[in-house]
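Per-entry structural report
Single-letter residue listing:
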Amino acid sequence: MPGITRRSLLSSGVALSAATFASRSAFARAAALLAADVEKAHAGALAAVAPREKYLFDFDWKFTFGNGNDPSKDLGFGIGQGDFSKTGDFEFAKVKYDDASWSEVNLPHDWAVALPFVWDNEQASHGFKPLGRRYPETSVGWYRRVFEVPETDKGRRLAVEFDGAFRSVLVWVNGCFIGRNDNGYAPFGFDITDFIELGKPNCITLRVDAAFGDGWFYEGAGLYRHVWLTKTDALHLGKWESFVRSEVKGSDAALTLETVVENEGSASEQARVTWTIKDADGKTVATAEAPAQAVAADGKTTFRTTANLAGAKLWSTEEPNLYTAVATVETDGKARDAEQFTFGVRTAKFTADKGFFLNGKPLKIQGTCNHQDHAGVGAALPDRLQYYRVAVLQGMGCNAVRTSHNMPTPEWVEACDRMGMMMMCETRQMSSSPEGMAQLEVMVKRYRNSPAVIIWSIGNEEGRLQNGPMAEEGLKIGTAMVRRCHELDPTRVVSAAVNGDNEQGVSLALDVIGFNYHQEFPEKYHREHPERAIYGSETSSAISTRGEYSTDPKRNTVNCYDGVVPWGATPEGWWTLYGGQEFLAGGFAWTGFDYRGEPTPYGWPSVNSQFGIVDMCGFPKDYFYYYKAWWRREPAVHVFPHWNWHGREGEEIAVWVYSNADEVELLVNGKSVGRKKVPSLQHVEWKVKYEPGAIEARGLKGGKVVATDRRETTGDAVAIRITADRTEIDADGEDVAMITVEALDKQGRPVPTADNHIGFKVSGEGKLIGVGNGDPNCQQSDKEPKRSLFNGLAQVILQSTKRPGEIRIEAVKEGWDGAELTPAKLTITTKRVEPRPAVARVRGT
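About the thresholds
- Here, residues in each chain are numbered from 1, in the same order as that chain's written sequence.
- In keeping with the predicted nature of the model, local features appear solely for residues at pLDDT of at least 70, side-chain atom pairs appear and are counted solely at 80 or more, and the whole-chain, interface and lining totals rest on all residues.
- Each side-chain value is derived from all of the structure's non-hydrogen atoms; neither hydrogens nor water enter the calculation.
- Secondary structure follows DSSP: runs of H or I at least 4 residues long count as helices, runs of E at least 2 residues long count as strands, and numbering of each begins at the N terminus.
- Note that the radius of gyration is over C-alpha atoms, with the globule rule given as 2.2 Å times the number of residues to the power 0.38.
- Using a 1.4 Å probe on the protein chains alone, a residue whose accessible area is under 20% of its type maximum counts as buried, one over 50% counts as exposed, and one in between counts as partly exposed.
- Note on areas: Shrake-Rupley, 1.4 Å probe, and residue coverage restricted to the protein chains presented here.
- When charges are counted, Lys and Arg contribute as positive and Asp and Glu as negative, whereas His and the chain ends are disregarded.
- In plain terms, the charge of a residue is placed at NZ if it is Lys, CZ if Arg, CG if Asp and CD if Glu.
- In this analysis, axes come from line fits to C-alpha atoms, helices being fitted only over the stretch in contact, and the angle between any two N-to-C directions falls in the range 0 to 180 degrees.
- Oblique is the label for any angle not under 35 degrees, not over 145, and not in the 65 to 115 range, which are roughly parallel, roughly antiparallel and roughly perpendicular in turn.
- Two helices cross in a left-handed way if the nearer one is turned anticlockwise from the farther one by less than a right angle. They cross in a right-handed way if the turn is clockwise.
- It only takes one pair of heavy atoms within 4.5 Å for two residues to be counted as in contact.
- Think of a nonpolar core as a cluster: buried Ala, Val, Leu, Ile, Met, Phe, Trp, Tyr and Cys residues, connected wherever their side-chain atoms sit within 4.5 Å.
- Known as pLDDT, the predictor's per-residue confidence is scaled from 0 to 100.
- For this analysis, a polar contact is any N or O atom pair within 3.5 Å, provided that within protein one partner can donate a hydrogen and the other can accept it, and provided that sequence-adjacent residues contribute only side-chain to side-chain pairs.
- Here, a salt bridge means any side-chain nitrogen of Lys or Arg that lies within 4 Å of a carboxyl oxygen of Asp or Glu.
- Any residue that is not Ala, Val, Leu, Ile, Met, Phe, Trp, Tyr, Cys, Pro, Asp, Glu, Lys or Arg is counted as polar, Gly included; the first ten are nonpolar and the last four charged.
- By definition here, a helix of n residues has an expected span of 1.5 Å times n minus one.
- Two strands are said to pair when DSSP picks up at least two bridges between them.

**Some remarks on the overall build of the chain**
A tally of regular secondary structure across the chain gives nine helices and 45 strands. The C-alpha atoms of the chain give a radius of gyration of 27 Å, which matches the 28 Å a tight globule of 845 residues would have. Its C-alpha atoms put the chain at 90 × 60 × 55 Å along the principal axes. Per-residue burial over the chain gives 63% buried out of 845 residues. Accessible surface for the chain amounts to roughly 31,600 Å². Of this, 48% is attributable to carbon and sulfur atoms. With 97 positive and 111 negative side-chain charges, the chain shows a spacing of 2 Å between the two charge centroids.

**Structural notes on the packing of helix 4 (residues 434-447) against helix 6 (residues 471-488)**
Where helix 4 contacts helix 6, the axes come no closer than 10 Å and their chain directions differ by 30°. If you check the angle between helix 4 and helix 6, you find them roughly parallel. Crossing hand, helix 4 versus helix 6: right-handed. Together, Met-437, Leu-440, Glu-441, Val-444 and Lys-445 of helix 4 and Ala-480, Met-481, Arg-484, Cys-485 and Leu-488 of helix 6 make up the contact between the two elements.

**As for the nonpolar core**
Membership of the largest hydrophobic core comes to 166 residues, with the highest contact counts inside it found for Tyr-143, Phe-162, Ile-192, Ile-204, Leu-206 and Ile-458. Of the residues forming this core, the biggest block, eight residues, is contributed by helix 9 (residues 623-631). Counting residues in each nonpolar core, the second largest holds 26 residues, with Ile-277, Leu-309, Ala-312 and Val-345 among its members.

**Observations regarding the confidence of the model for the chain**
Averaged over every residue, the pLDDT of the chain is 94; residues scoring 70 or more account for 94%. Confidence drops under pLDDT 50 across residues 1-32; counting only partners more than four residues distant or on other chains, this segment forms 90 contacts.

**A closer look at the side chain of His-638**
Inspection of the secondary structure assignment puts His-638 in strand 30 (residues 637-640). A polar side-chain atom of His-638 sits 3.3 Å from a polar atom in the side chain of Arg-711.

**Examining the pattern of salt bridges**
Tallying each qualifying case throughout the model produces 59 salt bridges. Between Glu-289 and Arg-272 there is a salt bridge; the shortest N-O distance is 2.5 Å. Remark: Arg-272 occurs in strand 14 (residues 269-278) and Glu-289 occurs in strand 15 (residues 284-295); sequence separation between them is 17 residues.

**Details of the packing of helix 8 (residues 571-578) against helix 9**
Running from amino to carboxyl end, helix 8 crosses helix 9 at an angle of 25°, the nearest separation of the two axes being 10 Å. Judged by the angle between their axes, helix 8 and helix 9 are roughly parallel. You can see that helix 8 and helix 9 cross each other, and the crossing is right-handed. In this structure, helix 8 contributes Pro-571, Glu-572, Trp-574 and Trp-575 to the contact, and helix 9 contributes Tyr-623, Tyr-626, Tyr-627 and Trp-631. Of the residues assigned to the contact of helix 8 with helix 9, the class counts are seven nonpolar, no polar and one charged.

**Structural notes on unusual backbone geometry**
Of the consecutive residues Ala-50 and Pro-51, the connecting peptide bond is found in the cis state with omega at 10°. Structurally, Pro-51 can be placed in the loop between helix 1 (23-45) and strand 1 (53-56). The omega torsion of the bond from Thr-600 to Pro-601 falls at 5°, within 30 degrees of zero and hence cis. Structurally, Pro-601 is set in the loop between strand 29 (584-590) and helix 9. One non-glycine residue, Leu-75, lies in positive phi territory at about 60°. A relative accessible area of 23% means that Leu-75 is categorised as partly exposed.

**A few points about helix 4**
Spanning 14 residues, helix 4 covers 20 Å between terminal C-alpha atoms, matching the ideal 20 Å at 1.5 Å per step. When helix 4 is considered as a whole, its buried residues turn out to be Gly-436, Met-437, Gln-439, Leu-440, Met-443, Val-444, Lys-445 and Tyr-447. Packed against the buried residues of helix 4 are helix 3 (410-419), strand 24 (422-426), strand 25 (453-460) and helix 6.

**Things to note about the sheet that holds strand 15**
The strand order across the open sheet built from four strands is 15-14-17-18, with neighbouring strands paired in antiparallel fashion. Looking along the sheet, the strands with just one partner apiece sit at the ends: strand 15 and strand 18 (334-343). The mean angle between the axes of side-by-side strands here comes to 15°, regardless of whether they run parallel or antiparallel.

**A look at the environment of Pro-635**
One can find Pro-635 in the loop between helix 9 and strand 30. As a C-alpha pair, Pro-635 and Glu-523 span 112 residues in sequence and 31 Å in three-dimensional space. In this view, Pro-635 contacts Asn-660, Val-706 and Ala-707; residues no more than four positions away in its chain are not counted.

**Quick look at the sheet that holds strand 33 (residues 671-677)**
Strands sit in the order 33-32-35-36 across an open sheet of four strands; the sheet is antiparallel. Bordering the open sheet on either side are strand 33 and strand 36 (704-712), each of which pairs with just one other strand. Each adjacent strand pair in this sheet contributes to an overall mean axis angle of 20°, direction not counted. In terms of strand pairing, strand 35 (residues 694-701) meets strand 36 through eight bridges, oriented antiparallel. Across the sheet, residue Gly-699 finds its bridge partner in strand 36, namely Ala-707.

Have a look at this one:
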C-alpha cells in the first residue's frame with residue numbers, strides 16, 4: 001500500500017513443533033563443514049602473515065555503566081569543561097586506576113540484551129530496551145583493558161582496530177585521548193604507537209554512548225564486534241587497499257592485483273610487492289610481482305600487476321571455491337609487511353529480460369533480508385553463530401542474504417563466502433556527505449574481495465530522496481554514491497531498496513532496480529523500461545508466530561497459515577511473481593530471522609518482530625517449508641498444523657500442505673480424505689474434523705509416493721530432551737554449541753504445545769552465554785540459566801573456555817504446575833586447538 005511501511009505501523013497495535021524441522025539434518029550434514037570452515041577462517045583469511053602481527057583483543061576486559069547526565073556517576077567525565085584541555089590528564093584511563101568493582105567481560109559484548117524491558121512506546125522499534133537520553137543510567141558503558149607491548153616492538157607501528165561498536169566511542173590510552181567514532185557499523189581504528197610504554201603495562205579505556213541510534217530496529221550497545229591489536233613495520237600495506245579482480249577467460253582467469261604501500265618512516269624507500277595465489281589446499285597456483293617503486297616518507301604508492309590463474313575453480317552457491325592471495329612488500333629482498341585474504345573467481349550478471357546469471361547460468365535470487373541479532377546474545381554474535389545462521393537459511397533453499405540495513409560484521413560475510421551464500425551488501429547512510437561517503441568507501445574496500453557480494457546497496461527506503469520533496473537532491477546523492485562504488489569496484493552493480501515506483505530520485509542513478517513491496521510496479525516498470533534489470537529488494541513481510549494457528553490480538557499471536565501485513569504478501573503471494581516471471585531476478589523476503597524491535601503487528605508486550613521465516617532462535621515456522629518445497633530440488637512435503645487439539649473434537653481444522661510433488665494425498669487416522677494436485681508455487685489444503693490420532697500427507701510424482709510427513713496427537717510432557725548441533729567444539733574461548741531443548745511425552749514424541757519452565761545447570765569447561773525460545777512476547781532474561789519452552793522449544797548457547805575437557809549441561813523442570821519432567825543431561829567435548837593469537841592478560845589485573 002502506498003505510503004505504508006514497517007516503520008509507519010510500529011506505533012499501532014494492530015508449525016507445527018519445529019523439533020523435527022528439516023534443518024536439523026542440514027546441521028548434521030554441515031557440522032564437519034562448519035568446523036573446517038571456521039578453522040580455515042581463523043587460521044587463514046583472518047590470520048596475520050609475518051612480519052605483520054595481529055592479535056585478538058577480546059578477552060579480559062573490565063566493564064561498568066556510566067551516566068549520560070550525571071558526571072559524578074560517569075567517572076567524573078564532563079564534570080567541568082576542561083576534560084580535553086591537556087594530553088594525559090585522564091586518571092580513569094591510566095593503569096593504576098582502581099577498577100576492582102567493575103565486571104569482567106569478554107568481547108563481543110552487547111550490554112543492551114541483558115537490560116530489562118521497559119514499557120515505553122518510544123522504545124518499541126528498538127525492542128523496549130532502556131537506551132536513549134531518557135535512560136542515562138543504562139545508555140553509557142565504560143571499558144578498560146591493561147596490556148603489555150614488549151620492548152622488541154620498538155620501531156613498529158601499533159594500531160587498535162575495532163570491527164564496529166555501538167555507538168559513540170571515545171578512546172584513551174595511558175590517560176591520553178586518542179580519538180572518537182560516531183557510527184554503529186563501520187570499522188574504525190587508531191595508531192597508538194606514540195602513546196605506548198614498551199615493556200610496561202599500558203591501559204586502553206573506552207567510553208561508549210548508545211543514547212543515539214543509527215536505525216529504527218534493535219542495534220545493541222557496546223563493543224559488540226571484535227577488537228584487534230595490529231603490529232606492522234613503518235613501511236606497510238594500506239588498510240583494505242589490496243584486492244584481486246578476476247576475469248574468466250575460458251577455463252582460466254586473468255587476475256588484476258593491486259595494493260597501496262604506505263611509508264610512515266622518515267626516509268624514502270624503494271619497495272616492490274610480490275603476490276602468491278594459493279588454492280584451498282594451500283598449493284601455490286600463481287605468482288606475480290609488481291616492479292619496484294619509490295615510496296616517499298609519509299607518502300603512499302600504488303602497486304599493480306597481473307597474473308594468470310590456470311584451470312580456475314569458480315565460486316558458486318553449490319561449490320564455493322575460494323583462493324587465498326598473499327601480498328608482500330619487500331625492500332632489498334627483505335619482507336617488511338604482508339597480508340592475506342580470500343577471494344573467489346566468478347561472474348555475476350543482471351539482465352533485463354532473463355534475470356540473474358551466476359557463472360553464465362540462470363539463477364533465481366532466493367533471498368532473505370536479515371538484521372544481525374540472535375536470541376540470547378543480542379548483537380554480540382560469536383563467529384560460529386554466523387555459520388549456524390547461514391546453515392538455517394540454506395536449509396530452506398535460501399541462496400542470498402541482504403544485510404539490512406547496515407555494513408555487516410566481517411564474520412557474516414566470511415560465512416557467506418565459505419558456505420556459498422550470495423549477498424546484497426548495504427550501507428547504513430544514504431548520503432554523499434563526508435560521513436556517508438566514508439562509511440560507503442570502507443564497506444566497499446573491506447568487502448570487494450568477497451565473491452558472495454553481488455550487489456552494493458546504497459540505502460533503504462529513503463522516501464524524501466526518492467519521490468518526495470528532495471527527489472532532485474536524491475538523484476545527486478545517488479549519482480555520487482554510485483560513482484564512488486564504481487571507482488572502487490567496477491565489477492559489481494549498485495542498487496538500493498526503494499519503496500516506490502522507481503521513476504525518479506535515487507532510482508535514476510542505479511544500475512539495477514530494486515522494488516520494496518508494491519507488486520503492482522515490477523511488470524509495469526518492465527514494460528516501460530525494458531532495458532532495466534529488476535529484482536525484489538524487499539518483499540513479502542509475511543508474519544506468523546511459530547506453532548500458532550489462530551490470530552489472537554489478546555495473546556499477540558498471528559496464525560501460521562496466511563499472516564501478512566497490509567503492504568506485504570504471503571510467501572506464495574510474492575514468489576509466484578518473482579519466481580514465476582523470467583525477467584525478474586528473484587528477490588529478498590523480509591525477513592529470514594525474527595529480530596528484536598519492530599514488534600509488528602502488535603505492540604507491548606511483544607518485544608520483537610514476527611516477520612521471520614524462522615524465529616529468533618532459528619527454529620522454523622511453517623512458512624519455512626513453503627520455501628523448502630519451492631527453493632530446493634529434493635521432494636518435499638510438510639503438513640500442518642500440529643494435531644493436539646484437546647477439547648475441539650469434531651471441530652473443523654484447516655490442514656495445509658506445502659509440497660513440490662505433483663499431487664498430495666491426505667490421510668486422517670489412516671483413512672484417505674482425497675488427493676489434490678499441487679498448483680505451481682502454491683499449496684493445497686483441506687478442512688478436517690478433528691479427532692485424536694494422526695494426519696499424514698503423501699507427496700506423489702508419476703503416481704509414486706516420493707515424500708511423506710506426519711503429525712500425531714501426543715500425550716502430556718513427561719521428560720526433557722536436550723540435543724546439540726555439535727557434541728565436540730574447540731577449546732578456544734570462542735566456539736559455541738547450540739542446544740535445542742524439548743519436552744517429550746511417554747512415547748518419546750516432542751510435545752508441540754509444551755510451555756514448561758526449564759532450568760539449566762552448566763559446569764566444566766564452558767559457560768552459558770544466552771537462552772531463548774522464539775516467543776515474540778517473552779520478556780524473560782536472555783542471560784539467566786532458565787527459560788520457558790515456547791510451543792515445545794527453547795535454545796541454550798554454550799561457549800567453551802580455553803581449556804580442553806567437557807561442558808556438562810543438565811536441564812531440569814522449574815516451578816510446579818502439576819507435572820513432573822524427567823531431567824536431561826548432555827556432555828559437550830571441548831578439544832584442544834591452537835587458539836587465535838590474542839593479547840595476553842597482565843598479571844594482577
